[in-house]
Amino acid sequence: MARTALSHRICTGIFRNQLGKLIAELAGPWMAREAARLDERRGHDRLRAEGGGPDHILVFTDRVIATLVILRFQLPHAALAVFYGVDRSTVTRAVHEIRPLLAARGFAVPGTPELRLRTLADVFAYAAAEGVELRIDGTEVQVRRPRANRPGRRAFVSGKRKQNTKKATVISDDAGRTLWTGAIRPGRMHDQTALKTEGIWDLFERYPEVKAQVDAGYRGLAKDFPHQVTAPPKKPGKNADADETAAWEAARKAQSSRRIPVEHANAEHKQWRPLQRYIGRREYY
């Protein structure tokens, strides 16, 4: 009953046919990782045939479903344990097993789901091959505040949101479909600095045909690559005449209209509760 109810799209965020394909895709890597874990714990090869010994209390299908539900609604692990009739630690262990497998899948390419983008270099190679103009933006999610007197505590305080946050960089295409998100950094770090540490300067040099639309936070990137990166025009001074101000406003709106798909991608991410406010450990974000 728990599997039937929780596998609904409202709970997992994906349709049941997609859920079946996802479970089939993750089964192989999970079984290989589980076999390696057991071999390491035993210290020798297994002595009985495969299939011997006790079965898992929470089978693999339910582990995937429980993980998706937790990622969707950020439910307490104890609540899912009640649904499945297991201990809370069983659900927690299942989430820690499945979440890395989900993260390793990468991002599906629109129209070519079998092709996955896992790194920033993959995104640039795809954009260069397909002629895709990228949209780049940063997004922040509130996280738990570090304990007092802990080194680096102020690093998470966002100057924009005045909260303790984690910052991620999102890259989408012109239709607002996510191609990559990463460069996870503390909220105090500037958007451009977070992306610079990922080596984006080198990638723009390696792929001179790749173009991108960015906001004012990446103005330095647009300055270094004026023929590839487009940022909003600088606001005219206070003494500017009406025609100059009107021209700047029109140019700013036009650039914003071209860049706005990445904001739609960010809004789609916020449908998942942990990306609204993350209450887990910061190192797991």
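This text follows the structure it describes.
Residues numbered from 1 in each chain as written. Predicted model: local features only at pLDDT ≥ 70, side-chain atom pairs only at ≥ 80, totals over all residues. Heavy atoms only, no water.

A. Examining the environment of leucine 179 more closely. Locating leucine 179 in the fold gives a position in strand E5 (residues 178-186). Under the relative-accessibility criterion, leucine 179 is labelled buried at 0%. Sequence separation between leucine 179 and alanine 246 is 67 residues; the distance between their C-alpha atoms is 35 Å. Once residues lying within four places of it in the same chain are set aside, the contact partners of leucine 179 are Phe107, Pro110, Leu117, Val123, Tyr126, Val132, Leu134, Ile171, Ser172 and Asp173. (Helix = DSSP H or I, 4+ residues; strand = E, 2+ residues; numbered from the N terminus. Buried < 20%, exposed > 50% of the residue type's maximum accessible area, 1.4 Å probe, protein only. Contact = heavy atoms within 4.5 Å.)

B. Broad picture of the packing of aromatic side chains. Evaluated as defined, the whole model comprises six aromatic pairs. Each member of the aromatic cluster is reached from another via a ring pair, and the members are Phe124, Trp201, Phe204, Tyr207 and Phe225. Geometry around tryptophan 201 places lysine 196 over its ring, the cationic atom sitting 5.1 Å from the centre. One cation-aromatic arrangement involves arginine 282 over phenylalanine 156; the distance from NZ or CZ to the ring centre is 5.2 Å. (Phe/Tyr/Trp six-rings, centres within 6.5 Å; stacked < 30°, edge-to-face > 60°. Lys NZ or Arg CZ within 6 Å of the ring centre and 35° of its normal.)

C. Here's a closer look at the side chain of glutamate 97. Tracing the chain through its elements places glutamate 97 in helix H6 (residues 88-103). Beyond its immediate stretch of four places on either side in the chain, glutamate 97 contacts Trp30, Arg33, Glu34 and Arg63.

D. Looking closely at the sheet that holds E5. Taken together, the five strands give an open sheet; going across it, the order is E5-E4-E3-E6-E7, and neighbouring strands pair in mixed fashion. Each edge of the open sheet is held by one strand with a lone partner, namely E5 and strand E7 (229-230). With two bridges connecting them, strand E6 (residues 212-213) and E7 associate as parallel partners. From the neighbouring strand, glutamine 213 faces E7, where its bridge partner is threonine 230. Against the sheet, helix H7 (residues 120-130) makes contact with strand E3 (134-142), strand E4 (165-172) and E5, and its axis sits at roughly 150 degrees relative to E5, the strand it touches most. Along the sheet face, helix H12 (residues 261-269) touches E3, E4 and E5 and points at about 35 degrees away from the line of E3. (Pairing = 2+ DSSP bridges. Axes fitted to C-alpha atoms, helices over the stretch in contact; angles between N-to-C directions.)

E. Structural detail: the pairing of E5. Across six bridges, E4 lies against E5 in antiparallel orientation. Across the sheet, lysine 166 pairs through a bridge with proline 186, a residue of E5.

F. Spotlight on the nonpolar core. Membership of the largest hydrophobic core comes to 29 residues, with the highest contact counts inside it found for Leu120, Phe124, Leu134, Ile136, Ile200, Phe204 and Leu221. Elements with a minimum of two residues in this core: H7, E3, E5, helix H9 (200-206) and helix H10 (219-224). The greatest single-element share of this core, amounting to five residues, is contributed by H7. Ignoring any residue separated from it by four or fewer positions in sequence, one finds leucine 134 in contact with Val123, Phe124, Ala127, Ile171, Ser172, Leu179, Val210, Lys211, Ala212 and Gln213. (Core = buried A, V, L, I, M, F, W, Y, C linked by side-chain atoms within 4.5 Å.)

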